[in-house]
Amino acid sequence: MPTLTQRLLERLTPAFDALEPGADPVLRGSDRADYQVNGVMPLAKRLGRNPREVAEDIVAGIDVGGLVAAVEIAGPGFLNITLTDEALLEQLDAMASDEVLGIPAATTEEVCVVDYSAPNVAKEMHVGHLRSTVIGDSLCRTLEVLGHTVVRRNHVGDWGTPFGMLIEHLIDQGEEEAVAGLSVGDLNGFYSEARTKFDADESFQDRSRARVVSLQGGDAETLRLWRILVAESVRYFDAVYTDLGVLLTPQDVVGESSYNPMLEAVVDDLDAAGLVEDSGGAACVFPPGFTNREGDPLPLIIRKSDEGFGYAATDLAAVRNRVDILGATRILYVVGAPQAQHFEMVFAVARMAGWLPEGIEAVHVAFGNVLGPDRKMFKTRAGGTVKLQDLLAEGIDRAADALAGRNHDPETLDLVARQVAMGAIKFADLSTDRARDYVFDWDRMLAFEGATGPYLQYAHARIRSIFRKLDVDHVPTSGALRLDHPAERALARHLVALPDAIESMMESYSPSKLCTYLYDLAQHFTGFYESCSVLNAPDEATRASRLELCELTASTLRLGLDLLGIEAPERM
RNA sequence: GCCUCAGUAGCUCAGUGGAUAGAGCACUGGCUUCCGGAGCCAGGUGUCGGGGGUUCGAAUCCCUCCUGGGGCACCA
């Protein structure tokens, strides 16, 4: 199903092509009309003609039939376009009968691998994992709605030297007791005990180092113990994901260690391609354009001088796996901004090696930090890292306080408090441009006014309450829609722009664009709600029409929030 | 030093080379025969970090400087 913007563009293109083949109309939304066309002036410039005359030619060349009610030439050569109400109504009807509300399927169906969240085994998740998890999840949900095949990859840190001491500590503690402690989620306690012992006890250090060697050597008993740590950690991650309401499952966990068997081949194949240089005993690739502090070429270290592999090798192996085995045509890495150079280098080397062929997109979806009220990295009062579970629990408590006195039974209160808390936390995170840092502020994100999750949820709940009053779940689409009042029309115009908002979001992998759209939608709805009584509409036909607008708005809010990973409660 | 990201209203932030740069919060005033007042309406704010340049047109593109964050060889 084409979007209104696409349909309009089809009408404009021939008129522009007639004057210059391929000329871009530069069609945009507008606050002066339904759309504005900005492409006339640059075209006139290229043609060496008067822009207003060119505008007149364009206007004469547009087939307005059924779609366009008015084209007005304004200012130096803008075209302000007003759609016919019929076109809007037609689009709304089509939306209403479409499961995904008129969001068009992608023109080519891709296999998208999304690498996100990535906590570390034997460590608890903290606020630093929030953005990757929440942004990645939203991108996955949206790619799926667009018809792509999405492969989630939780690239957990499950390998490295700390596992020597962790396994030794596991042995010291006794498996049963250790598992009992880990299963309640006290991963940090376990880790810090091991660390303390390691720092204080030389013989423990020796055992730990020996254990690392056994682990890397594939010793069966060591691997068994290591798997216990991994399994308990994954179980804990899963509990956090369930609380947070993200789609990641244990099946999506493909840790760093999974790529171990492929690392030798990475070096060998790079070497065979003539890309590897030895530098101080390390096997390196020097992709062009990267320099270090001294201005010398900067290497991507594939194998360290101690024969060990660094994470560059793992990431390269992962690229190969994702392209060759999973058939990825697009790979997204939802990883913090500090890794930008690393990914540039990995992608560059993968391209040099032919592992990322032309046409396969690899994108580092970078994001900024979560800051505390002091605008520094968000920490607890004591200066420690903020555990994600603690953060979520506090959000639920605060949401429950805010909802107190609203006549919910205890079970409903608990459910709604969770939905509101997660909505608040996620919306606050997603609504800020991902490249920027943002300040974590409970009072602001949990407010029911302003651009917040709860405000959007509230808008949805308020619509649903209208249907409750009627004692119906939904109204059938009956072609009863009419746009008599300006507020009805404004709402309708915004409703049909959902696909444009999704497109804009995915162009830059910025869920904040969808957040803005949904907030604007809620604003348009309240404008409608204030001036157009639904249940007490002047007549049956108006009431039926307004109910359909309510239905569509609720559906759009629900779908949009779902793409952000936010639930839309029936009542709050 | 080099690279990179950011700098927009008192605060938090939007802003796809287009028209008078917009929201929210906060502040002030108003609105309640009304479907959820957790709402709505009205009030006013800006050297878009500074300075050049490109352009018919720049918050947006280019150069330069300032400020802040991050990165810059064997941790991931």
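A. How the structure looks around the overall build of chain A. Along its length, chain A carries 21 helices and 13 strands. C-alpha atoms of chain A, sized along the principal axes, occupy 85 × 65 × 40 Å. Looking at the 572 residues of chain A, the share that counts as buried comes to 51%. Taking the contacts inside chain A whose residues are at least 6 apart along the sequence as the reference set, 72% of them involve residues at least 24 apart. Of the roughly 25200 Å² of accessible surface on chain A, a fraction of 49% belongs to carbon and sulfur atoms. Looking at charge distribution, chain A has the averaged site of its 52 positive side-chain charges lying 4 Å from that of its 87 negative ones.

B. Focus on unusual backbone geometry. Even without a glycine there, the phi angle at Leu101 is positive, about 55°. Among the structural elements, Leu101 can be located in the loop between helix H4 (85-96) and strand S5 (111-115). The exposure class of Leu101 is buried, given its relative accessible area of 7%. Positive phi, close to 50°, is recorded for Tyr509, a residue that is not glycine. Secondary-structure assignment places Tyr509 in the loop between helix H19 (498-508) and helix H20 (511-531). Accessibility expressed as a relative area gives 5% for Tyr509, which makes it buried.

C. Quick peek at the pairing of strand S4 (residues 78-83). Sheet analysis places strand S2 (residues 35-37) next to S4, joined by three bridges and oriented antiparallel. Counted as the bridge partner of Tyr35 is Ile81 from S4. Looking at chain direction, strand S3 (residues 68-74) and S4 are connected through six bridges and run antiparallel. Pairing of Val71 across the sheet is with Ile81, part of S4. Connecting S3 to the antiparallel partner S4 that follows it, the hairpin turn spans three residues, and Gly75 within it adopts a positive phi of roughly 55°.

D. A look at the layout of surface pockets. In this structure, the second largest pocket encloses a volume near 1300 Å³. Taken together, 44 residues form the lining of the second largest pocket, with Pro499, Asp500, Ala501, Glu503 and Ser504 sitting closest to its centre. Ranked by residue count, the leading element in the lining of the second largest pocket is H19, at eight residues. Per-class residue counts for the lining of the second largest pocket are 19 nonpolar, 12 polar and 13 charged. Looking at which domains feed residues into the lining of the second largest pocket, each of domain 1 (4-83) and domain 3 (453-563) supplies at least three.

E. Highlighting the protein's contact with RNA strand B. RNA strand B sits among 65 residues. The nearest are Arg32, Lys45, Lys304, Arg406 and Tyr529. Atoms of RNA strand B within 4 Å of the protein belong to the sugar or the phosphate in 49% of instances, the rest to bases. Here Ser279 contributes a side-chain N or O atom positioned 2.8 Å from a base nitrogen of RNA strand B. Going through the elements one at a time, helix H2 (40-47), S4, helix H14 (388-403), strand S13 (438-439), helix H17 (453-470) and H20 are the ones with two or more residues in the surface near RNA strand B. Top contributing element to the surface near RNA strand B by residue count: H17, with eight residues. Counted by class, the surface near RNA strand B contains 28 nonpolar, 18 polar and 19 charged residues.

F. Examining a negative patch on the surface more closely. The grouping of Glu264, Asp268, Asp271, Asp306 and Glu307 at the surface amounts to a negative patch. Tracing the sequence through the fold places Asp271 in helix H11 (residues 263-272).

G. Highlighting the sheet that holds strand S9 (residues 300-303). With respect to topology, three strands assemble into an open sheet ordered S7-S8-S9, the strand pairing being antiparallel. Edge positions in the open sheet fall to strand S7 (276-279) and S9, since each of these has one partner strand only. Each strand of the sheet is rotated relative to its neighbour by a mean of 45°, with strand direction disregarded. Alignment of strand S8 (residues 282-285) against S9, held across three bridges, turns out to be antiparallel. Within the sheet, the bridge partner assigned to Val285 lies in S9 and is Leu300.

H. Summary view of the sheet that holds strand S6 (residues 149-153). Strand order across the open sheet formed by four strands is S6-S5-S10-S11, with parallel pairing between neighbours. Each having just a single partner strand, S6 and strand S11 (361-365) make up the two edges of the open sheet. Averaged over all neighbouring strand pairs, the angle between strand axes comes to 15°, with direction disregarded. With respect to the sheet, helix H12 (residues 311-325) is in contact with S5, S6 and strand S10 (330-334), its orientation differing from that of S10 by roughly 145°. Against the sheet, helix H13 (residues 340-352) touches S10 and S11, its axis set at about 170° to S11.

I. Geometry of H12. Over its 15 residues, H12 runs 20 Å from end to end, which matches the ideal 21 Å to within 8%, given 1.5 Å per residue. The element H12 is largely enclosed, with a buried count of 12 among its 15 residues. Buried within H12 are the following residues: Ala312, Ala313, Thr314, Asp315, Leu316, Ala317, Ala318, Val319, Arg320, Asn321, Arg322 and Val323.

J. Examining the pattern of salt bridges more closely. According to the stated counting rule, one finds 33 salt bridges in the structure shown. A salt bridge links Asp206 to Arg209; the shortest N-O distance between them is 3.9 Å. Taken as a pair, Asp206 and Arg209 lie in helix H9 (residues 202-217) at a separation of three residues, close to a single helical turn. What makes Arg209 partly exposed here is its relative accessible area of 46%. For Glu394, the salt bridge is made with Arg398, and the minimal N-O distance between the two is 3.0 Å.

K. Broad picture of the environment of Phe190. As for its position among the elements, Phe190 is in helix H8 (residues 187-200). Excluding residues that lie within four positions of it along the chain, Phe190 makes contacts with Leu166, His169, Leu170, Gln173, Ala178, Leu182 and Leu229.

L. Seen up close, the confidence of the model for chain A. Counting all residues, the mean pLDDT for chain A is 93, and 100% of those residues have values of 70 or more. As scored by the predictor, the complex reaches a pTM of 0.96 and an ipTM of 0.94.

Definitions and cut-offs
- Residues numbered from 1 in each chain as written.
- Chains lettered and ligands numbered in written order.
- Predicted model: local features only at pLDDT ≥ 70, side-chain atom pairs only at ≥ 80, totals over all residues.
- Heavy atoms only, no water.
- Helix = DSSP H or I, 4+ residues; strand = E, 2+ residues; numbered from the N terminus.
- Buried < 20%, exposed > 50% of the residue type's maximum accessible area, 1.4 Å probe, protein only.
- Contact = heavy atoms within 4.5 Å.
- Areas by Shrake-Rupley, 256 points an atom, 1.4 Å probe, with all protein chains shown as cover.
- Lys, Arg positive; Asp, Glu negative; His and termini not counted.
- Charge placed at Lys NZ, Arg CZ, Asp CG, Glu CD.
- Pairing = 2+ DSSP bridges.
- 1 Å grid on protein atoms, 1.4 Å probe; cavity = no way out; pocket = protein on both sides within 12 Å on 5 of 7 lines; lining within 4 Å.
- Points joined across faces, edges and corners; volume = space filled by probe spheres on them.
- Nonpolar A, V, L, I, M, F, W, Y, C, P; charged D, E, K, R; others polar.
- Domains from an automatic or database assignment.
- Near = heavy atom within 4 Å.
- Polar contact = N/O pair within 3.5 Å; in protein donor to acceptor, adjacent residues only side chain to side chain.
- Patch = residues over 30% accessible without salt bridge, like charges linked within 9 Å, V, L, I, M, F, W, Y side chains within 5 Å.
- Salt bridge = Lys/Arg side-chain N within 4 Å of Asp/Glu carboxyl O.
- Axes fitted to C-alpha atoms, helices over the stretch in contact; angles between N-to-C directions.
- Expected span 1.5 Å × (residues − 1).
- pLDDT = per-residue confidence, 0-100.

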